[in-house]
Amino acid sequence: QVQLLESGGGLVQAGASLRLSCAASGRTFSTYAMGWFRQAPGKEREFVAAISRTGGSTRYGDSVKGRFTISRDNAKNTVYLQMNSLKPEDTAVYSCAASTRIALPPSTGAGSYDWWGQGTQVTVSS
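Quick caveat: nothing in here was measured; it's all calculated off a predicted structure.

Asks: Tell me what's going on with the pattern of salt bridges, and back it up with residues and numbers.
Replies: Scanning the model with the defined rule gives four salt bridges in all. Here R38 and E46 are joined by a salt bridge, their closest N and O atoms 2.8 Å apart. Classification of E46 as partly exposed rests on a relative accessible area of 29%. The partner of D90 in a salt bridge is R67, and the shortest N-O contact between them spans 2.7 Å. Of this pair, D90 sits in the loop between β8 (78-83) and β9 (92-99) while R67 sits in the loop between β6 (58-60) and β7 (68-73); the two residues are 23 residues apart in sequence, bridging distant segments of the chain. Accessibility classification places D90 together with R67 in one group, the buried group. Each member of the salt-bridge network shares a partner with another, and the members are R38, E46, R67 and D90.

Cut-offs applied
Residues numbered from 1 in each chain as written. Predicted model: local features only at pLDDT ≥ 70, side-chain atom pairs only at ≥ 80, totals over all residues. Heavy atoms only, no water. Salt bridge = Lys/Arg side-chain N within 4 Å of Asp/Glu carboxyl O. Buried < 20%, exposed > 50% of the residue type's maximum accessible area, 1.4 Å probe, protein only. Helix = DSSP H or I, 4+ residues; strand = E, 2+ residues; numbered from the N terminus.

Encoded structure:
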């Protein structure tokens, strides 16, 4: 069982930056691949980014490539999502998730993730 708690969301203007954090409980954080997903009102959940257990492999959704960066600090049981050049279309609830899947690269599919956080709201105004 893993508990995940996101933080760092908020209301920003287009072009601004935000860094989301996801803190995980337990002593086995380094054994999980981690992902970020987002869901806007009326839309399906969308893959944002994923990172392997060691941080050596990452993947990004097409809409965020070049603007968002995922990273992790296993000593702090935390995964981050640095979001730059934010756009109004980035507005969504962002959730982190943990996966016991060990294959590389980390999965982009929500079904591969076993535990989910509650999410944090990101709103980008134009």
